[in-house]
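Working through the structure, step by step
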Amino acid sequence: MISRRNVVLGGVAAALAPLQVAAHDENFKLDPRFEPQTVRFTGFGPGVLVVDPSNHFLYFVTGPRRARRYGVGVGRAGLAFRGTATVGRKAEWPSWRPTDNMIRRDPRKYARYAGGVPGGPANPLGARALYLYRDGRDTMYRIHGTNEPSSIGRSVSNGCIRMVNNHVEDLYERVPIGTKVIVI
């Protein structure tokens, strides 16, 4: 029996095959340390998101000495976001367009998507996106889901912070617009 999800995935994946991978790989097993968990965490106040790219973790500080920790994939060398930002916008099943810099760096891979890709399970931004702003302007960096869960725990993206889709859905519900984000 073919489910509606399979039909949608098949149609979208066929159109985007050179860039996309399966939105759900039943053989993939996430390392347990990258599963969401409550951990002891100090140095930042409640309500702040802290990203530690070298260890591939994102922390949502929930109280004194407590945070919810998620495993993430981050930008490869030279492409990673650093510093402070604010969640300026949130979107469910966001559309995606490669940045002009991505198209310039690798036109064979990205130029065909210059018109954008609609949101959905095969979209590179996954199920949810938190848009990072600095001084009221979009930085073009995101905390977002991914259709490549094997990238969690690695430095492979074009600079954004990737999460497993159901993990970013959890974070999305916890984090309001205006949340401070610190990438150390």
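A quick note: this is a predicted structure, and the numbers were derived from the prediction, not measured.

Here we take up the confidence of the model for the protein. Looking at the protein as a whole, its pLDDT mean stands at 85, while 85% of the residues score no less than 70. With pLDDT under 50 throughout, residues 1-24 is counted as low confidence; its partners more than four residues away or in other chains account for 29 contacts.

Counting 21 residues, the largest nonpolar core has Leu49, Leu58, Ile143, Met163 and Leu171 as the members making the most contacts within it. Of all elements in the fold, only strand S2 (49-52), strand S3 (57-63), strand S6 (83-92), strand S7 (128-134), strand S10 (161-164), helix H4 (165-174) and strand S11 (180-183) reach the threshold of two or more residues within this core. At 3 residues, H4 tops the list of elements feeding residues into this core. If near-sequence neighbours (up to four positions away) are discounted, Leu49 is found in contact with Leu58, Tyr59, Phe60, Val87, Leu130, Ile143, Leu171, Val175, Thr179, Lys180, Val181 and Ile182. By size, the runner-up hydrophobic cluster in this structure holds 13 residues, among which are Val39, Val48, Phe57 and Val164.

Below, the discussion takes up the packing of aromatic side chains. Across all of its chains, the model carries 7 aromatic pairs by this definition. Ring geometry for Trp96 and Tyr110: centres 6.3 Å apart, planes at 65°, overall edge-to-face. Taken together, the residues Trp96 in the loop between S6 and helix H2 (100-105) and Tyr110 in helix H3 (residues 107-110) connect sequence positions 14 residues apart. Seen in terms of ring centroids, Trp96 and Tyr113 are 6.1 Å apart; in terms of plane orientation they differ by 50°. Their pairing is tilted. You can see Trp96 sitting in the loop between S6 and H2 and its partner Tyr113 sitting in the loop between H3 and S7, a full 17 residues away along the chain. Across this residue pair, the class does not change: Trp96 and Tyr113 are buried. An aromatic cluster is built from Phe34, Phe41, Phe44, Phe57 and Tyr59, whose rings are joined through pairwise contacts. Arg89 extends its terminal NZ or CZ atom over the ring of Tyr131, reaching a point 3.9 Å from the ring centre. The ring of Tyr172 carries the charged tip of Arg128 above its face, separated from the ring centre by 5.5 Å.

Attention now goes to unusual backbone geometry. The phi dihedral of Trp93 is positive, around 40°, even though this residue is not glycine. Structurally, Trp93 can be placed in the loop between S6 and H2. Taking relative accessible area as the criterion, Trp93 reaches 36% and is therefore assigned partly exposed. Even without being a glycine, Asp135 presents a positive backbone phi close to 55°. Assignment of secondary structure puts Asp135 in the loop between S7 and strand S8 (137-146).

Conventions and cut-offs
Residues numbered from 1 in each chain as written. Predicted model: local features only at pLDDT ≥ 70, side-chain atom pairs only at ≥ 80, totals over all residues. Heavy atoms only, no water. pLDDT = per-residue confidence, 0-100. Contact = heavy atoms within 4.5 Å. Core = buried A, V, L, I, M, F, W, Y, C linked by side-chain atoms within 4.5 Å. Buried < 20%, exposed > 50% of the residue type's maximum accessible area, 1.4 Å probe, protein only. Helix = DSSP H or I, 4+ residues; strand = E, 2+ residues; numbered from the N terminus. Phe/Tyr/Trp six-rings, centres within 6.5 Å; stacked < 30°, edge-to-face > 60°. Lys NZ or Arg CZ within 6 Å of the ring centre and 35° of its normal.

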